[in-house]
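# Secondary and tertiary structure notes
Each chain is listed here by its residues.
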Amino acid sequence: MEDINLHFTGDFSAIEKANNLLAALIDNNIQSKPASLGIDPRTVHWKRVMDMNDRALRRIIIGLGGTASGIPRETGFDITAASEIMAILCLSENFHDLKERIGNIFIGFTLDKKPVFARDLNAQGAMAALLKDAIKPNLVQTLEGNPAIIHGGPFANIAQGTNSVLATKMGLSLSDYVVTEAGFGFDLGAEKFLDIKCVSAGLQPQAAVLVATVRALKYHGGVPLADIQKPDAEAVARGTENLEKHLENMLKFNICPVVAINHFADDTEEEIQAITDKCRAMGVKCAVARVHAHGGQGAEELATLVSQVAEACQSDMTPLYDWNWSIEKKIETIATQIYGASAIDYTQQARADLKKIQDLGLEHLPVCIAKTQKSLSDNPQLLGRPANFIVTVREIEIAAGAGFVVPITGNIMRMPGLPAKPAAENIDINEEGKITGLF
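Residues numbered from 1 in each chain as written. Predicted model: local features only at pLDDT ≥ 70, side-chain atom pairs only at ≥ 80, totals over all residues. Heavy atoms only, no water.

## A word on the layout of surface pockets
In this structure, the second largest pocket occupies an estimated 1,200 Å³ of space. Lining the second largest pocket are 42 residues; nearest its centre among them are His-45, Lys-47, Glu-395, Glu-397 and Arg-414. Tallied by class, the residues present in the lining of the second largest pocket amount to 20 nonpolar, eight polar and 14 charged. Both of domain 1 (2-131) and domain 4 (327-408) provide at least three residues apiece to the lining of the second largest pocket. (1 Å grid on protein atoms, 1.4 Å probe; cavity = no way out; pocket = protein on both sides within 12 Å on 5 of 7 lines; lining within 4 Å. Points joined across faces, edges and corners; volume = space filled by probe spheres on them. Nonpolar A, V, L, I, M, F, W, Y, C, P; charged D, E, K, R; others polar. Domains from an automatic or database assignment.)

Okay, here's the thing in structure tokens:
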């Protein structure tokens, strides 16, 4: 019996080059008069990307310096993982699919209100050529010699938050069991994995593993972060209402759940017991994973349990919604059933975006809701299992190339900034080239 693990990484430089090539082609077309498509620069939302945390680049003015330097307009930078190119790479199944998706990237409108796509700039061929190696999954091995396919890294906040379709299908062709990751909680990564990636690629997972920690459940039980390492079994028990909601969400997809308790050295037996008691009450199997201390050996019990559940359980994964539903119905279904919201509120901008999506004939696309990972709601301060809250959709971005639209809730940063004390202050290198301060 073999198993393969799938994680995120890849050639981010190729993503940057392809993304920024499209940005350069857009600006060149705006500036060139004879061959211009007549793009209205005010409608262009495509940004350049950089794999760097730099808050000063979020909103910038480009094209300064005279006519030779372009036409001044407002734009900005996103972090590379937030690029639609990253999302496209991870959903493409071959070069033809890759080029078609790139060509479908929505750029903006012409001055006479006609939509412009990347294919109108003949950008798809050159961009795909830059991604010719990046699209290939990377087979590596862990420190213990286990195979792992490392490929892709789309944000789980504003994209699908899971590795590439190619990596998943390659793993399935090579092993008996494939374990893949979906970033953040079930309300973000897993919902998008099941409703977008699995539907798009025709995948049918046999089981889902929900990773829980004592620390996270104490936090959801009301313990301040400063006190999170202090033993408090009662707070863990209170926090399991958050775990309970995630498990209920799994069952909505008709998929069999397993809970992995990710053990740390300061976890107490009483705190672990509070989690196992909740799982037992819900009829869900769980195991303690001690990989933090013992590596792969510490996960043998969990691995055995997951394989048993995958073999015995009659999972028949059913998406939460039909892609052909209206955008509003899809958003409402996710927000009410997965988050637990009582209602949806749309800003004036979001209403205008819904109209734009309808006019472009893109209502058939799935929704990839951007939301905080710190709460089931769109408010990071609402911990545990919040109820009777309203989800506010601020705007809806179009990611037609990736094949979804992105309703944005809360304050989602696509270009992170450095903290008050950056880790860079502790990093150094000596005369022999030895680097210190990374951990």
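## Some words on unusual backbone geometry
Phi at Lys-113 takes a positive value of approximately 70 degrees, unusual for a residue other than glycine. The residue Lys-113 is located in the loop between β6 (106-109) and β7 (115-117) in this model. On the basis of relative accessible area, Lys-113 is assigned to the exposed category, the value being 62%. For Asn-122, which is not glycine, the phi torsion reads 55 degrees and is therefore positive. Note on Asn-122: relative accessible area 63%, which makes it exposed. (Helix = DSSP H or I, 4+ residues; strand = E, 2+ residues; numbered from the N terminus. Buried < 20%, exposed > 50% of the residue type's maximum accessible area, 1.4 Å probe, protein only.)

## Considerations on the pairing of strand β15 (residues 390-399)
Moving residue by residue along a regular strand, the side chains alternate between the two faces of the sheet. Of the strand pairs in this sheet, strand β14 (residues 343-346) and β15 are connected by four bridges, and their pairing is parallel. From the neighbouring strand, Tyr-346 faces β15, where its bridge partner is Val-393. Of the strand pairs in this sheet, β15 and strand β16 (residues 404-409) are connected by six bridges, and their pairing is antiparallel. Within β16, the residue paired with Ile-396 across the bridge is Pro-407. Between β15 and β16, which pair antiparallel in sequence order, lie four residues; one of them, Gly-403, sits at a positive phi of approximately 95 degrees. (Pairing = 2+ DSSP bridges.)

## A word on the state of the cysteines
In this structure the tally under the stated criterion is one disulfide. The residue that forms a disulfide with Cys-256 is Cys-313, at a sulfur-sulfur distance of 1.2 Å. One end of the pair, Cys-256, is in strand β12 (residues 256-262); the other, Cys-313, is in the loop between α11 (300-312) and α12 (327-339), and 57 residues separate them in sequence. Here Cys-256 and Cys-313 have matching classes, each one buried. (Disulfide = S-S within 2.5 Å.)

## Remarks on α12
Its 13 residues place the ends of α12 17 Å apart at the C-alpha level, agreeing with the 18 Å of an ideal helix rising 1.5 Å per residue. Among the residues of α12, those classed as buried are Ile-327, Lys-330, Ile-331, Thr-333, Ile-334, Ala-335, Ile-338 and Tyr-339. In this structure, the buried side of α12 is in contact with α6 (186-201), α8 (233-252), β14, α13 (348-359), β15 and β16. Directly after α12, the chain includes Gly-340, whose backbone phi takes a positive value near 95 degrees. (Expected span 1.5 Å × (residues − 1). Contact = heavy atoms within 4.5 Å.)

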